[in-house]
Amino acid sequence: MCNPSCHPAPHTPIRLLRSLSRTRRNANDWRHDPLHHRYLDEATALAATDVASAQWADLVEIPTQAARLVDLVAQVRIGYLPAAAAGIIRLRLVVRALGADHLLQDLTAHAPTLTREANDALSHLAAVVREDNQLRHAFADLEGDELLAYVQTNTSAIDFAQGLATFLAHYGHRETASILLLREPTWVDDPRPC
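These notes cover the structure that comes with them. Remember, predicted model here, so these are calculated numbers, not experimental data.

With respect to the overall build of the chain
Within the chain, the regular secondary structure consists of eight helices and zero strands. When the helices and strands of the chain are listed from N to C terminus, the series reads α-α-α-α-α-α-α-α. For the chain, with 194 residues in total, the buried portion stands at 19%. Taking the contacts inside the chain whose residues are at least 6 apart along the sequence as the reference set, 48% of them involve residues at least 24 apart.

Right under this line is the structure:
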């Protein structure tokens with residue numbers, strides 16, 4: 001038996017037309033979207049919550065605020081998905097016309113994404129460690145809290161510590177091991193290497 005929501009409804013043509021109109025958007029403009037800025041502002045405010053001194057009512061509200069943030073970012077993604085899909089379709093048509101279907105995967109796999117930016121930033125930090133003898137030895141010999149303390153207090157590691165702070169400010173909201181909110185700390189909450 002089909003769920004009633006899977007049948008077309010009176011508003012279905014309007015939704016389809018709205019989705020089709022979004023294919024004309026520039027898929028790269030999502031960073032300038034007011035919803036994205038609202039998401040960033042609200043996420044920053046939530047991250048600034050001092051949970052140690054917060055009242056119980058404020059603490060219980062945190063999961064609801066986090067869920068609203070997920071809804072906001074989902075709205076941004078949904079808003080630009082038709083434009084991104086249209087871009088992929090156009091790219092597929094071009095590579096097919098050129099007889100180069102085999103290039104489509106390589107062209108899309110190397111597209112700039114936030115995950116790729118985070119990986120590149122992490123690779124840069126790793127290169128800094130490899131190029132500095134003291135840092136390389138510290139990373140080889142120290143673990144967890146000792147390594148973090150070394151990076152945060154040793155004057156020879158100041159450039160790396162600043163780079164790590166910048167990395168955590170941009171990408172520290174990611175979880176260390178799981179997508180479950182309550183299971184694992186984020187990178188900024190626990191930057192110790194595993």
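As for the environment of Gly 163
Position of Gly 163 relative to the elements: it lies in helix α8 (residues 158-171). Relative accessible area serves as the criterion here: at 25%, Gly 163 is assigned to the partly exposed category. Taking the C-alpha atoms as reference points, Gly 163 and Leu 122, separated by 41 residues in sequence, lie 9.5 Å from one another.

What to know about the pattern of salt bridges
The final tally for this structure, using the stated rule, is four salt bridges. The partner of Arg 31 in a salt bridge is Glu 117, with the nearest N and O atoms 2.8 Å apart. Of the two residues, Arg 31 is situated in the loop between α1 (12-22) and α2 (34-47) and Glu 117 in helix α5 (residues 114-131); the sequence distance between them amounts to 86 residues. What makes Arg 31 partly exposed here is its relative accessible area of 36%. Judged by its relative accessible area of 29%, Glu 117 is partly exposed.

Quick look at the nonpolar core
Core analysis: the largest hydrophobic core is formed by 14 residues, its most contacted members being Leu 125, Leu 135, Tyr 150, Val 151, Phe 160, Leu 164 and Phe 167. Residue assignment for this core shows that the elements contributing at least two residues are α5, α6 (133-141), α7 (144-153) and α8. A per-element tally of this core places α8 first, with five residues. Once residues lying within four places of it in the same chain are set aside, the contact partners of Phe 167 are Ala 118, Ala 121, Leu 122, Leu 125, Gly 172 and Trp 187.

Here's the deal with the packing of α5 against α8
Angle between the axes and distance between the axes: these two values describe a pair of packed helices. Interhelical geometry of α5 versus α8 gives an angle of 165° and a closest axis separation of 10 Å. The angle between α5 and α8 falls in the class roughly antiparallel. Here α5 runs over α8; the crossing is left-handed. Residues Leu 114, Glu 117, Ala 118, Ala 121, Leu 122, Leu 125, Val 128 and Val 129 of α5 touch α8, and the partners they reach there are Phe 160, Gly 163, Leu 164, Phe 167 and Tyr 171.

Considerations on the packing of aromatic side chains
For the structure shown, the criterion picks out two aromatic pairs. A centroid spacing of 5.5 Å and a plane angle of 80° characterise the contact between Phe 139 and Phe 160, whose relative ring orientation is edge-to-face. Taken together, the residues span a long stretch of sequence, with Phe 139 in helix α6 and Phe 160 in helix α8 at a distance of 21 residues. Aromatic pair Phe 167 and Tyr 171: ring centres 5.3 Å apart, planes at 45°, arrangement tilted.

Structural notes on α7
Note on helix geometry: an α-helix contains 3.6 residues per turn, so any two residues three or four positions apart are oriented the same way. Within the sequence span of α7, burial applies to Gly 144, Leu 147, Leu 148, Tyr 150 and Val 151. The buried residues of α7 occupy an angular sector of 160° when the element is viewed end-on, so they sit on one face. Among the exposed residues of α7, those pointing more than 90 degrees away from its buried face are Asp 145, Glu 146, Gln 152 and Thr 153. Tucked into the core, α7 has its buried residues touching α6 and α8.

Let's talk about the side chain of Asp 33
Secondary-structure assignment places Asp 33 in the loop between α1 and α2. Excluding anything up to four places from it in sequence, Asp 33 contacts Arg 25 and Tyr 80.

With respect to the side chain of His 36
With respect to the secondary-structure elements, His 36 resides in helix α2. Judged by relative accessible area, which is 11%, His 36 ranks as buried. If near-sequence neighbours (up to four positions away) are discounted, His 36 is found in contact with Trp 30, Arg 31 and Val 76.

Calculation criteria
- Residues numbered from 1 in each chain as written.
- Predicted model: local features only at pLDDT ≥ 70, side-chain atom pairs only at ≥ 80, totals over all residues.
- Heavy atoms only, no water.
- Helix = DSSP H or I, 4+ residues; strand = E, 2+ residues; numbered from the N terminus.
- Buried < 20%, exposed > 50% of the residue type's maximum accessible area, 1.4 Å probe, protein only.
- Contact = heavy atoms within 4.5 Å.
- Salt bridge = Lys/Arg side-chain N within 4 Å of Asp/Glu carboxyl O.
- Core = buried A, V, L, I, M, F, W, Y, C linked by side-chain atoms within 4.5 Å.
- Axes fitted to C-alpha atoms, helices over the stretch in contact; angles between N-to-C directions.
- Parallel < 35°, antiparallel > 145°, perpendicular 65-115°, else oblique.
- Left-handed = near helix turned anticlockwise from the far one by under 90°.
- Phe/Tyr/Trp six-rings, centres within 6.5 Å; stacked < 30°, edge-to-face > 60°.
- Arc of directions from axis to C-beta.

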